[in-house]
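Remarks on the overall topology
Now for the letters of each chain:
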Amino acid sequence: MIASVRGEVLEIALDHTVIEAAGVGYRLNATPSTLATLARGEETRLYTAMIVREDSMTLFGFADTEARDLFGLLQTVSGVGPRLAMAVLAVLEPEALRKALAESNVAALTRVPGIGKRGAERMVVELRDKVNLVPVQAGPPGSAIPAVAPVRDQVVEALTGLSFPLKQAEQAVDSVLAEQPAADTSTALRAALSLLGKNR
């Protein structure tokens, strides 16, 4: 099990980063908030979760152990896999997720694409008491990295990577950027995910 990766940031995309450690480049899927703490060419450490399937081995990277532990906890709920757990953490920061579960805020959880009312209720029932067992930890300070490609293109690409139809993704991103023209990729992706979650 790979628990963390430390090394130089080679690449930052909208949904993943590549970090070179001991001469090997590791691709780590990550949320926009985690990617915003990274800078290309600088050394960083990300805590990781490794998901092994018959046809793939995937690393997921997190700025702190709290987010990683919540990622694992989310997957204990029936019907929640790694992709959906990442979507939850992309829409809800760890603190917001804890609050939503503690207050049985189903509406907040259904903002996540792929989670309906029944799934959100199941999540509350199964995790409400367990979520407080995950230690709270602040992540390292960081600032957003300017996007190389236009924000719209990057966010649309990330949404289609999450299995949303291209046309639906484009409409959601255009709607978000019309309201928030100065939004960075992280903010735009989160808002688009929230919008798509409401429209399901």
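Look up a bit, the structure's there.
Residues numbered from 1 in each chain as written. Predicted model: local features only at pLDDT ≥ 70, side-chain atom pairs only at ≥ 80, totals over all residues. Heavy atoms only, no water.

**A look at the overall build of the chain**
Condition: The helix count covers DSSP runs of H or I at least four residues long, the strand count covers runs of E at least two residues long, and both are numbered beginning at the N terminus. Between the two quantities, the radius of gyration covers C-alpha atoms and the globule rule is 2.2 Å times the number of residues to the power 0.38. Per-residue and other accessible areas were derived by the Shrake-Rupley procedure at a 1.4 Å probe size, with only the shown protein chains allowed to occlude residues. Under this rule, positive means Lys or Arg and negative means Asp or Glu; His and the chain ends count for nothing. Every charge is mapped to an atom, namely NZ of Lys, CZ of Arg, CG of Asp or CD of Glu.
Each helix and strand in the chain was counted, giving nine helices and five strands. Start at the N end of the chain and walk to the C end: the helices and strands fall as β-β-β-α-β-β-α-α-α-α-α-α-α-α. Against the 2.2 N^0.38 benchmark of 16 Å for 200 residues, the chain shows a C-alpha radius of gyration of 16 Å, consistent with a compact globule. In the structure as shown, the chain presents an accessible area of about 10300 Å², 50% of it carried by carbon and sulfur atoms. Computed over 20 positive and 23 negative side-chain charges, the separation of the two mean positions in the chain equals 7 Å.

**Looking at the pairing of strand S5 (residues 57-62)**
Counted only if it meets this: Paired strands, in this sense, are two strands between which DSSP finds at least two bridges.
Both strand S3 (residues 24-29) and S5 contribute to a ladder of two bridges, which runs parallel. Of the residues in S5, the one forming a bridge with Asn 29 is Phe 60. The turn joining strand S4 (residues 43-52) and S5, which pair antiparallel and follow one another in sequence, is formed by four residues.

**Some thoughts on the pattern of salt bridges**
For clarity, the cut-off: The term salt bridge refers to a side-chain nitrogen of Lys or Arg lying within 4 Å of a carboxyl oxygen of Asp or Glu. Only protein chains enter the accessibility calculation, which uses a 1.4 Å probe. A residue is then buried if its area is under 20% of the maximum for its type, exposed if over 50%, and partly exposed in between.
Counted under the stated rule, the structure contains five salt bridges. One salt bridge connects Arg 152 with Asp 174, and the closest N-O pair in it is separated by 2.6 Å. Of this pair, Arg 152 sits in helix H7 (residues 151-161) while Asp 174 sits in helix H8 (residues 166-179); the two residues are 22 residues apart in sequence, bridging distant segments of the chain. When its relative accessible area of 28% is taken as the criterion, Arg 152 is described as partly exposed. Asp 174 sits in the partly exposed class, given a relative accessible area of 36%.

**Section: the environment of Ala 30**
Filter applied, for reference: Whether two residues touch is decided by their heavy atoms; if any such pair falls within 4.5 Å, the residues are in contact.
Inspection of the secondary structure assignment puts Ala 30 in the loop between S3 and helix H1 (32-35). In this structure Ala 30 comes out as buried when scored by relative accessible area, which is 5%. A sequence separation of 18 residues divides Ala 30 from Thr 48, and the C-alpha atoms of the two residues are 9.5 Å apart. With near-sequence residues (within four places) excluded, Ala 30 lies in contact with Leu 14, Asp 15, His 16, Leu 35, Gly 61 and Met 86.

**Some thoughts on the packing of helix H2 (residues 65-74) against helix H3 (residues 82-91)**
The line we're drawing: Orientation is described by lines fitted to C-alpha atoms, with helices fitted over the stretch in contact, and by angles between N-to-C directions that extend from 0 to 180 degrees. Angle categories are assigned with fixed cut-offs, so that under 35 degrees is roughly parallel, over 145 is roughly antiparallel, 65 to 115 is roughly perpendicular, and the rest are oblique. Helix crossings are classified by the rotation of the near helix relative to the far one: an anticlockwise turn of less than a right angle makes the crossing left-handed, while a clockwise turn makes it right-handed.
Contact pair H2 / H3: the axes reach a minimum separation of 9 Å and the direction vectors enclose 130°. As summarised for this structure, H2 and H3 are arranged oblique, according to the angle between their axes. As for the relative orientation of H2 and H3, their crossing is right-handed in sense. Here Ala 67, Leu 70, Phe 71 and Leu 74 of H2 lie close against H3, whose contacting residues are Pro 82, Ala 85, Met 86, Val 88 and Leu 89.

**Thoughts on the nonpolar core**
Short version of the rule: Nine residue types can take part in a nonpolar core, namely buried Ala, Val, Leu, Ile, Met, Phe, Trp, Tyr and Cys, and a core is a set of them joined through side-chain atoms within 4.5 Å.
By size, the foremost hydrophobic cluster in this structure holds 51 residues, and its most contacted members are Phe 71, Leu 74, Leu 97, Leu 109, Met 123 and Leu 159. In terms of residue count, H3 provides more of this core than any other element does, eight residues in total. The next biggest cluster of nonpolar side chains, apart from the first, holds 12 residues, and it includes Ile 19, Ala 30, Leu 46 and Met 50.

**Some remarks on the sheet that holds strand S1 (residues 4-12)**
Ordered by their spatial adjacency, five strands build a closed barrel running S1-S2-S3-S5-S4, and the pairing between neighbours is mixed. The average undirected angle you get between the axes of adjacent strands in this sheet is 55°. In the sheet, S4 pairs with S5 via six bridges, with the strands oriented antiparallel. Within the sheet, the bridge partner assigned to Val 52 lies in S5 and is Met 57. Most of the contacts of H2 go to S4, to which it runs at about 10°, and overall it touches S4 and S5. The strands that H3 touches are S3, S4 and S5; relative to S5, the one it contacts most, it runs at about 15°.

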